[in-house]
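Examining the three-dimensional arrangement
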Amino acid sequence: MSIDRRTTLAGLSGLASALAWPHLAFAQAGGTLEQVKERGSLRVGVTQAPPWFSKDPKTGEWSSGVGVSLGKAMAASLGARFEPVEVSWGTAIAALQGNKIDIMFMMDATPERAQAVDFPPTPLLYYSLAVLARDDLATARWSDLNKPGVRISVPQGSSMDRFLSEHVAQASIQRYPGNSEAIAAFQAGRADAVCLFHPPLLAARQRLGIGKIVVPTPALSQPSSAALRKGDKAFLDWVDNAFATYYKSGQTQRWYEEFLVGFGLDPKAAPPVTKLGS
């Protein structure tokens, strides 16, 4: 599937207009929206996790990924700049509570997290839990992995960690600060499999050139969201409107496909991250 950047830019122009209404709320809201206006930047939590966030090793800039594209578009619609702030999946909520970041994309809305942060009702996108495993490892079912001696790496404090802890507890679960460290453990042979959601594993498999990607059964497909500071209704409503606008227009899927193409992957070979028309 080719990506027509002119169409994308034209679409973003229209989407920016659709999201412009929050400017009217700035004067009335003293929360995140007002802070973004005063500071001139939208602080987005980032962690090395393609295709969501990807840092250019040559420039040190967070230059690509769905979360980067989304953050830049949302910041622009507020007349602000995109300000990436490095965190980990396990420290993102504390960063929100400490007012170090304004939003963290790709955080799943679990009941435990919802006690500490807010999530917009509209999903950001959908994905399935998967593993990148040794070619000779039995992975058809989660029960195949739920055995002593099977080593599985996973980002600590993530939804993947929570799932493995509840359903694959007999395996040797190795917890790492983020996606890149968990993938590195698999690459080095310290883990038999790495457990992430399907899209990041596509990028990892393309880069490493080893292993097989499997969605074990029963398949776990779920929506992802974004975490926000608790109690800021004006910002929550604005983010919810933004997610709905990007999702329904197909822009969320286009950002995902753009990353895949840039990474040398064929979007047609990857499951979509939206359920439009389903």
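Residues numbered from 1 in each chain as written. Predicted model: local features only at pLDDT ≥ 70, side-chain atom pairs only at ≥ 80, totals over all residues. Heavy atoms only, no water.

1. Digging into the packing of aromatic side chains
Our working definition: Each pair of aromatic rings taken from Phe, Tyr and Trp, with Trp reduced to its six-membered ring, is defined by centres within 6.5 Å and is described as stacked if the planes are under 30 degrees apart, edge-to-face if over 60, and tilted in the remaining cases. By the criteria applied, helices consist of DSSP H or I runs no shorter than four residues and strands consist of E runs no shorter than two, each listed in order from the N terminus. The buried label goes to any residue with under 20% of its type's maximum accessible area, the exposed label to any with over 50%, and the partly exposed label to all in between, with areas taken from a 1.4 Å probe on protein chains only.
If you walk through the whole model with that rule in mind, you get 10 aromatic pairs. Look at F235 and W238: their rings are 6.0 Å apart centre to centre, the planes differ by 20°, and that puts the pair in the stacked class. Here F235 pairs with W238, and both are found in helix α10 (residues 233-249), just three residues apart, close to one helical turn. Take W238: its relative accessible area is 0%, and that puts it in the buried class. Taken together, the ring pairs in this structure connect W52, Y127, F197 and Y256 into an aromatic cluster.

2. Things to note about α10
To keep it simple, the criterion reads: Take the number of residues in a helix, subtract one, and multiply by 1.5 Å to get its expected span.
Compared with the 24 Å implied by 1.5 Å per residue over 17 residues, the 24 Å span of α10 between its first and last C-alpha is a close match. Listed as buried for α10 are F235, L236, W238, V239, D240, A242, F243, A244, T245, Y246 and Y247. G250 sits one or two residues past α10 and shows a positive phi near 90°.

3. Re the layout of surface pockets
Cut-off, in case you're wondering: A 1.4 Å probe that fits into a set of points on a 1 Å grid over the protein atoms alone but cannot get out defines a cavity; an open set with protein on both sides within 12 Å along at least five of seven lines defines a pocket, and lining residues are those with an atom within 4 Å of a point. Grid points are joined across faces, edges and corners, and a volume is the space filled by probe spheres set on the points. Residues are grouped as follows: nonpolar covers Ala, Val, Leu, Ile, Met, Phe, Trp, Tyr, Cys and Pro; charged covers Asp, Glu, Lys and Arg; every other residue, Gly included, is treated as polar.
Approximately 250 Å³ is the volume found for the second largest pocket. Secondary-structure elements contributing two or more residues to the lining of the second largest pocket are α7 (159-167) and β12 (221-229). When its residues are assigned to classes, the lining of the second largest pocket shows 10 nonpolar, seven polar and three charged.

4. Observations concerning the environment of D135
For D135, the position within the fold is in the loop between β7 (125-133) and α6 (142-145). You can call D135 exposed: its relative accessible area is 59%. Separated by 77 residues in the primary sequence, D135 and K212 place their C-alpha atoms 5.7 Å from one another.

5. With respect to empty space enclosed by the protein
Inspection of every chain in the model, using the stated rule, returns one cavity of 30 Å³ or more. Volume-wise, the largest cavity comes out at about 130 Å³. Sorting the residues of the lining of the largest cavity by element identifies β5 (103-107), α7 and β10 (193-197) as the ones contributing at least two each. A breakdown of the residues in the lining of the largest cavity according to their chemical character gives nine nonpolar, three polar and two charged.

6. Description of the confidence of the model for the chain
Applicable threshold: On a range of 0 to 100, pLDDT expresses the predictor's confidence in each residue. Contacts: residue pairs with any heavy atoms within 4.5 Å of one another.
On average, residues of the chain carry a pLDDT of 89, and 88% of them reach 70 or more. In this model residues 1-14 is a low-confidence stretch, pLDDT under 50, and it forms 16 contacts with partners more than four residues away in sequence or in other chains. Counted against residues more than four places away or in other chains, residues 20-29, with its pLDDT under 50, gives 15 contacts.

7. Examining the side chain of S159
For clarity, the cut-off: Under the rule applied, a polar contact is a pair of N or O atoms within 3.5 Å (in protein, one hydrogen donor and one hydrogen acceptor; residues adjacent in sequence only if both atoms are side-chain atoms).
Residue placement: S159 occurs in helix α7. Its relative accessible area of 13% is what places S159 among the buried residues. Polar contacts involving the side chain of S159 include one to the side chain of R113, which spans 3.4 Å. Look past the residues within four positions of S159 in its chain and what remains in contact with it is D108, T110, R113, F197 and Q222.

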